[in-house]
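Commentary on secondary and tertiary structure
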Amino acid sequence: MSFIWQLLENRKASVGAALILFFVLLGLFGPALVPGDPSDFVGAPHQPPSSEHLLGTTGQGQDVLAQTVAGARTSLAVGFLTGFAVMAIGALVGMVAGFFGGWLDSVLSFMTNVFLIIPGLPMAVVIASYLHPGPVTIGLVLVITGWAWNARMLRAQILSLREKDFVLAAIVSGEGRLRIIFREILPNMTSLLMSGFISATVYAIGAQVGLEFLGIGDVSVVTWGTNLYWAANDAALLTGAWWTVVPTGVCVALIGFALVLVNFAIDELSNPRLRAERTWTRLLKHPDLEGGLSTPVVRTSGS
Amino acid sequence: MRHLLRNLAVYAVAAWASLTLNFLIPRLMPGDPASIMFARFAGQLQPEAIDALRVAFGFTNEPLHQQYFTYVRHLLQGDLGISIAYFPAKVTDVIGTGLGWTLLLSGAAVIISFVLGTTLGVVAAWRRGGWLDSVMPPVLVFLGAFPYFWLAMVLLYTLGFVLGAFPLRHAYSDSLAPALSGEFILSVIQHLVLPASAIVIATLGGWMLSMRSAMVGVLAEDYITLANAKGLSQKRIMFHYAARNALLPNVTGFGMALGFVLSGSLLTEIVFSYPGQGYLLIQAVRNQDYPLMQGIFLTITLAVLGANLLVDILYVWLDPRTRTR
Amino acid sequence: MEAEPSTLLSVRDLRVEYLTPAGPVCAVDGVSFDIGRGEVLGLAGESGSGKSTVAQALLRILRPPAVITGGQVLFEGEDVLGMSEARLRELRWRKVSLVFQSAMNSLNPILTIGEQIVDTILAHERVKRSEAVDRAVSLLKLVGIDSARLTSYPHQLSGGMRQRVVIAIALALEPPLMLMDEPTTALDVVVQKEILHQVAELKDRLGFSILFITHDLSLILEFSTRIAVLYAGKLVELAPSQELFHAPRHPYTKGLLSSVPSVRGPRRKLVGIPGSPPDMRKLPAGCRFHPRCPSAMERCQADSPELREQGPGHIKACHLDSP
C-alpha cells in the first residue's frame, strides 16, 4: 500500500495517473457529454473544425469529436481487458516455468520463444479473418500474439527470486510449492506485475488500433481504430482533412505515453540506484556528469 | 555454439508452427473450409471450377494427415496456392512483387533506427544528466507512443501534401520504369524518405532507452573502474570497454523486436500505398483473400526467422564468450 | 621513522563520504598514514571498514555517490586532491597502479588480455604497437604466463592466471606504488600462497612499494613492513608487523589476531570478536568499537579516543593505558 503512496508522490507517476484518469472518465462518461449517435450524419463531409463541430466532420459527414469520444470507450475497454489477460497468462506461464524448472521449464520456455518470434500482425490477421469481426475477436488474437513477452520477463524475475534466501528457507521448512509462490514470491513481484500489466495495455491499445486500421475489426463499431480506417478509406489526407486523423492519434499517443510514464516511475522506485543517482546529481548541482569524472573533492567547512 | 543451435531449433519449430497454423485454421472453423475460402466466388464460378480449386488447395476428402503431407509437399515446391483477389495469379507471384520493397523499406529503416538509437543511448549514458539524457528520452518515448502508421500519416500530410517536399505514394516515380540507372535509384530513395522516417521516429526511443540502461549497468562494473584507473582515454573506455559490452544484450533484443517492427512497417506501407507486403495485406483483407493472407504470414515469418539467424551469427562474432562453447 | 625524501605517499586526515538519499554517510573518517619507498604497508580490517574506499580515493576513482570531503594526499610531495584531470591521468598507472579483488570482474570480457595490457602501455607512452606487444609478452613472462596466452580472452583463463594477468597489467609502467585490494581473496589457498610469493619476489626484484589491503591478518604478517588496522572508517592501530603480532595494543587488533588459527605453536582456543561491525549510518557514541570490546570502560562510551604514540612507530587509538 505504501508503494502506491510513494508512486503518487513521484512526479512522473502523478502526471501519468492524471492522464489515465482523464481518459478513463472520458470513456465512461464521454458519450453522455456529447449526445447523439456518433455515426449520425450531421453535416457536410470534410468540414474543418468550427464552432459547430469542434473537431470538424469526417468524410461521411460525421462529427469527429463525437467519434473520438465514443471511440475511447471501446478502445480503452478492450485495451485494459486484453492487457490484463495478456499479463495474467504471461505471468502464469512465466512463473510456473521459472519456479518449477526442469522439463516443464524447458517446454514452456521453448513455446514462449516460438510465440515471441513469430511476427504478431500477420498471425493476428490470419486468425482474425476467419472469426467474426469485432472487439472480442481482436482481444482474442491480441492475447494469442501478445502473452509471450510478459512470460519471458516474469520467468527471468522469478528465477532470480527463487535463489534468494527467504525462498530457500521456506522450501526447507516444508512449505508447499504453491503456497510459496503465493505467499513469499508474489508480493515481491507486485512492481513487476504492475509494470507488465501497463506494458501489455500499451501494446493492446496500439495493436488494436493497428488491426482495426487494416479493417479486421467491425468497421461499423465506432472505435479509435475504425475511425482511422474510415479516414484512410475516404482519402482524408489527400484532400487535406487532417482533423479526421489527428485527434485519434493524439489520444492514442497520450494514453500510451501516460502509461509509460507510470511504468518509468515504478521502475525508478524499484531500482534504488536510479534514485540515488538523481539525488547525488541534484546535491552537487552537476549538470554534466561524464562517465569518467574523477571523484570530486568537496571540502565541508571546518575540515 | 550451443546457444546458436538452440535458437535454430526455436526457428525451425516457429516455421513449422506457422505453416501448420495455415493448414489447420481453415479446417478448424465450423463449416466447409472450401466454402469459406471461396466465399467470394460463390455464384461466379462453375461448380466444376470450384471443385478444381478445392483440389488445388488440398481440401480433398482424404484423411487429415494425408492432406497435410500434400500441403507440405506443395509448400516445399514453392506452391502457396492461388490468390483470390488477383485470381488466377499464384500467391507466390503476387507476394514476389512486393517482398523486395518491404525488405528494402523495413531493412533500411530498422538499421538506421538501431544504429542511431544505440549511438544516442551511448552518448546519453556517458553524459548522465546532460540535455541528451534528460530531454531526448521523454520526447522520443512520446513519439514512440504514436502508432507507426499515424506518424506516417502526419508526415504524409505535412511534408508531402502541404509542403510538397516528398512524394506521396508508391516506391518510385510513376513516369519511370525500373532500371539500374541513377535517376531510378534517386527516385527510389526519394520515395523511401517519408515511410522510413515514420518507422525510425517511432522506434528510435526504444533502442535509445535500452542502450542507455545497458550502458548504465556496464558503467558500474569493475573493469570500467580499472580502465579509468589505468588512465585510458575517455574515447577508448566509452567505446571499447563500455559500449561494446552494453551492445550485447541489445543485439539479442534487436532480433526479438524485428517481428514487432516489421508489423508496424507493414501498416506504414499502407499509408503511402508503398507496393510492399503491407499493401498486399490490406488488399487481401478487403477481398477475403485467405490464401494471400496466409502466404504473406508465412513469408514474413520466414523473413523474420532468417533475420534472427543472421543476428545470432553476428552475436557470436561480437561476444567471444560464446565462441568456445 | 624513515627520513622525509623516501616517503612516497603521505595521507593525512582523509575523509570520504557517500551521499545517500537519507543523508551523507562517512565511510572513511580521518585516516592518516605514510608509505615509504620499497615498503609494504598492510591495511587490515573487516568488510565495511572502509579499506577499499581508501585505496580508490587515493587514485580518485571512486564512483558517485562518493565524495572526498577532507584531508590531504601527497604523492612524491604533490597534492593529489587538487590535481587536474590531465595530471591525474598521468599519475594513474605510471605512478600508482591498482589490483582489484576479483580479476574476472576487472578484465574486459570482450578484449584479449594482450589488448588489455597493450592499451595500458599505449595510453601513456608514445611507442610503436609492436614494441608494446613485446613488452606485454615480457610482462606475462614476469608473472609466469606463457606468451601464447596473449590472444586469450579472460574467460579462457583460470582464476589464478587471471589474477596474474591483472598484476602484470599493474606492473606495465613500472610504478613505484601498487595498491592491492584483497588480491587473493577470491582464490583457493594454494594459489593464494603462490601469488603472494610471486608478488613478494617481484617486489624485491623491481623495488616498488605496496599498500596491501586485506581482511586476513595472517596473510600480511610476514609480507608487510608495517600494518595499519582500520575499524568502521577509523584507524585504530599502526605498528611494524612483528611488533603488532607480538605486542598488539588495541583490543580489536588482539581480537583479529586471536581469530587466526596457527598450525604451529601451542593449542589455543579460537576466539572471534563477538557482534558485527556497526552500521555506518548509526555509529555508536564515543569509541566505535566499545560495544564489542571486552575491555570497554565507562569512558569509552562517551569519549572517542585519539591516536597516540605507544612506542617508536607504533600508534593506537584506545583509552586503555592512557591518561
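About the cut-offs
- Residues numbered from 1 in each chain as written.
- Chains lettered and ligands numbered in written order.
- Predicted model: local features only at pLDDT ≥ 70, side-chain atom pairs only at ≥ 80, totals over all residues.
- Heavy atoms only, no water.
- 1 Å grid on protein atoms, 1.4 Å probe; cavity = no way out; pocket = protein on both sides within 12 Å on 5 of 7 lines; lining within 4 Å.
- Points joined across faces, edges and corners; volume = space filled by probe spheres on them.
- Helix = DSSP H or I, 4+ residues; strand = E, 2+ residues; numbered from the N terminus.
- Pairing = 2+ DSSP bridges.
- Axes fitted to C-alpha atoms, helices over the stretch in contact; angles between N-to-C directions.
- Contact = heavy atoms within 4.5 Å.
- Buried < 20%, exposed > 50% of the residue type's maximum accessible area, 1.4 Å probe, protein only.
- Salt bridge = Lys/Arg side-chain N within 4 Å of Asp/Glu carboxyl O.
- Phe/Tyr/Trp six-rings, centres within 6.5 Å; stacked < 30°, edge-to-face > 60°.
- Buried area = accessible area lost by both parts, 1.4 Å probe.
- Polar contact = N/O pair within 3.5 Å; in protein donor to acceptor, adjacent residues only side chain to side chain.
- Nonpolar A, V, L, I, M, F, W, Y, C, P; charged D, E, K, R; others polar.
- pLDDT = per-residue confidence, 0-100.

Moving on, we get to empty space enclosed by the protein. Residues and elements named next belong to chain B. Per the counting criterion, the structure on display carries 4 cavities of 30 Å³ or more. Estimated volume of the largest cavity: approximately 260 Å³. Considering the residues around the largest cavity, the lining is formed by 19 residues, among which Phe57, Tyr71, Leu80, Gly81 and Gln294 are closest to the centre. Among the elements of the structure, helix 1 (2-28), helix 4 (64-76) and helix 13 (290-318) are those that each provide at least two residues to the lining of the largest cavity.

The subject of this paragraph is the sheet that holds strand 8 (residues 209-214) of chain C. Residue and element names in this part refer to chain C. Overall, mixed pairing links the 8 strands, which are arranged 6-7-8-3-9-10-12-11 in an open sheet. At either margin of the open sheet sits one strand with a lone partner, and together these are strand 6 (96-99) and strand 11 (308-311). Taking the axes of each pair of neighbouring strands and ignoring which way they run, one obtains an average angle of 20° across the sheet. Strands strand 9 (226-231) and strand 10 (234-240) of the sheet are contacted by helix 10 (residues 251-258), whose axis makes an angle of about 105° with strand 9.

The next subject is the side chain of threonine 53 of chain C. Residue and element names in this part refer to chain C. By secondary structure assignment, the location of threonine 53 is in helix 1 (residues 51-59). When its relative accessible area of 10% is taken as the criterion, threonine 53 is described as buried. Excluding its chain neighbours within four sequence positions, the residues that come into contact with threonine 53 are Val16, Tyr18, Ala27, Val28 and Leu62.

We note that serine 273 of chain B has phi near 45°; this positive angle belongs to a residue other than glycine. On the secondary structure map, serine 273 of chain B appears in the loop between helix 11 (234-271) and helix 12 (277-286). Given the relative accessible area of 16%, serine 273 of chain B is considered buried. Here the phi dihedral of glutamate 76 of chain C falls at roughly 50°; this positive angle occurs in a residue that is not glycine. Along the chain, glutamate 76 of chain C falls in the loop between strand 4 (66-75) and strand 5 (78-79).

Let us now look at the pattern of salt bridges. Residues and elements named next belong to chain C. Under the criterion given, the structure shown has 23 salt bridges over all chains. Between arginine 12 and aspartate 34 there is a salt bridge; the shortest N-O distance is 3.2 Å. Taken as a pair, arginine 12 in strand 1 (residues 7-20) and aspartate 34 in strand 2 (residues 23-36) lie far apart in primary sequence, 22 residues in all. A residue is classified by how much of its surface remains accessible, and aspartate 34, at 15% relative accessible area, is buried. We note a salt bridge from glutamate 125 to arginine 135, for which the minimum N-O separation is 2.8 Å. Here the residue glutamate 125 occupies a position in the loop between helix 4 (113-124) and helix 5 (129-142), and arginine 135 occupies one in helix 5, the gap between them amounting to 10 residues. According to the relative accessible area criterion, glutamate 125 is partly exposed, its value standing at 25%. Three or more residues joined by partner-sharing salt bridges are found here, namely Arg15, Glu17, Asp29, Lys234 and Arg288.

On to the packing of aromatic side chains. Overall, the coordinates contain 28 aromatic pairs over all chains when judged by the stated rule. Ring centres of tyrosine 229 of chain A and tryptophan 230 of chain A lie 5.3 Å apart, and the angle between their planes is 75°; this geometry places the pair in the edge-to-face category. With relative accessibility at 30%, the residue tryptophan 230 of chain A sits in the partly exposed group. Centroid distance tryptophan 101 of chain B to tyrosine 274 of chain B: 6.0 Å. Interplanar angle 85°. Geometry classified as edge-to-face. Taken as a pair, tryptophan 101 of chain B in helix 5 (residues 91-126) and tyrosine 274 of chain B in the loop between helix 11 and helix 12 lie far apart in primary sequence, 173 residues in all. Its relative accessible area of 17% is what places tryptophan 101 of chain B among the buried residues. By relative accessible area, tyrosine 274 of chain B is classed as buried at 0%. An aromatic cluster is present here, built from Phe257 of chain A together with Phe142, Phe146 and Trp150 of chain B joined pairwise through their rings.

If you look at the interface, chain A gives 53 residues, while chain B gives 60 residues. Both sides together, the interface formed by chain A and chain B hides about 4,900 Å², and carbon and sulfur atoms give 77% of it. Run the count over chain A and chain B and you get 0 salt bridges. In this assembly, chain A and chain B are joined by 5 residue pairs in polar contact (both at pLDDT 80 or more). Listing elements by their share of the side of chain A that touches chain B, those giving two or more residues are helix 4 (102-117), helix 5 (120-129), helix 9 (190-214), helix 10 (224-233), helix 11 (246-270) and helix 12 (272-284) of chain A. With 10 residues, helix 11 of chain A is the largest single contributor of residues to the side of chain A that touches chain B. Partitioned by chemical class, the residues of the side of chain A that touches chain B number 36 nonpolar, 12 polar and 5 charged.

A separate point is the confidence of the model for chain A. Looking at chain A, the pLDDT average stands at 80 and 83% of residues meet or exceed 70. Here residues 287-291 of chain A is a poorly scored stretch, pLDDT under 50, and it has 19 contacts once near neighbours within four places are set aside; other chains count.

Let's shift gears to the environment of leucine 122 of chain C. Residue and element names in this part refer to chain C. Inspection of the secondary structure puts leucine 122 in helix 4. Under the relative-accessibility criterion, leucine 122 is labelled partly exposed at 32%. Beyond its immediate sequence surroundings of up to four residues, leucine 122 is in contact with Val127, Arg129 and Ala132.

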